[in-house]
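# Chains, contacts and geometry: an overview
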Amino acid sequence: MAKLNPVQFLQEVRQEVSKVTWPTRKEVWVTTLMVLIMVALASVFFLLADQLIGFLVSELLRLVR
């Protein structure tokens, strides 16, 4: 098993973090906006689907009576 050295570990972490290509503020803003728009669209879709299914089930149950 490898010997655990906290100082070496932190040095390796810093090296790896420096290799990461971080997004710009604009990229983060645009991506966040896209996610919020997609969440809103999905919410509306599922609301309408739920309302339609509920209506159809209630009409079907009304016919069975």
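Scroll up to find the structure.
Predicted model, so just to flag it, every value in this text is computed and none were measured.

This next bit is on the overall build of the chain. For the chain, the helix and strand inventory stands at 2 helices and 0 strands. Taken against the 2.2 N^0.38 rule, which gives 11 Å for 65 residues, the C-alpha radius of gyration of the chain at 26 Å runs more than 25% over that of a compact globule. Taken along the three principal axes of its C-alpha coordinates, the chain extends 75 × 40 × 10 Å. Within the span of the chain, comprising 65 residues, buried residues form 0% of the whole.

Attention now moves to the pattern of salt bridges. Enumeration over the complete set of coordinates arrives at 2 salt bridges. Among the ionic pairs, Lys19 bridges to Glu16, the shortest N-O distance being 3.2 Å. Taken together, the residues span about one helical turn, with Lys19 and Glu16 both in helix α1 (residues 6–19) at a distance of 3 residues. Among the residues examined, Glu16 registers a relative accessible area of 47% and is labelled partly exposed.

All right, on to the packing of aromatic side chains then. Evaluation of the coordinates by the stated rule reveals 1 aromatic pair. A centroid spacing of 5.1 Å and a plane angle of 70° characterise the contact between Phe45 and Phe46, whose relative ring orientation is edge-to-face. Accessibility expressed as a relative area gives 55% for Phe46, which makes it exposed.

Together, Trp29, Val30, Leu33, Met34, Ile37, Met38 and Leu41 line one region of the surface with nonpolar side chains, adding up to about 740 Å² of accessible area. Looking at the secondary structure, you find Trp29 in helix α2 (residues 25–64).

Cut-offs and rules
Starting afresh in each chain, residues are numbered from 1 along the sequence in its written order. This being a predicted model, a pLDDT of at least 70 is required before a residue's local features are given, and a value of 80 or more before pairs of side-chain atoms are given or counted; all residues contribute to the totals for chains, interfaces and linings. Side-chain descriptors were evaluated using all non-hydrogen atoms of the structure, hydrogens and water having been removed beforehand. Runs of E in the DSSP output that reach at least two residues are strands. Runs of H or I that reach at least four are helices, and both are numbered from the N terminus. This radius of gyration counts C-alpha atoms alone. The globule rule is 2.2 Å times how many residues there are, raised to the power 0.38. Only protein chains enter the accessibility calculation, which uses a 1.4 Å probe. A residue is then buried if its area is under 20% of the maximum for its type, exposed if over 50%, and partly exposed in between. Here, a salt bridge means any side-chain nitrogen of Lys or Arg that lies within 4 Å of a carboxyl oxygen of Asp or Glu. To pair, rings of Phe, Tyr and Trp, with the six-membered ring standing in for Trp, must have centres within 6.5 Å; the planes then decide the type, stacked if under 30 degrees apart, edge-to-face if over 60, and tilted in the middle. A residue counts toward a patch only above 30% relative accessible area and without a salt bridge, and it is joined to like-charged neighbours within 9 Å or, for Val, Leu, Ile, Met, Phe, Trp and Tyr, to nonpolar neighbours within 5 Å. In short, Shrake-Rupley with a 1.4 Å probe defines the accessible areas, and a residue's cover is counted only from the protein chains shown.

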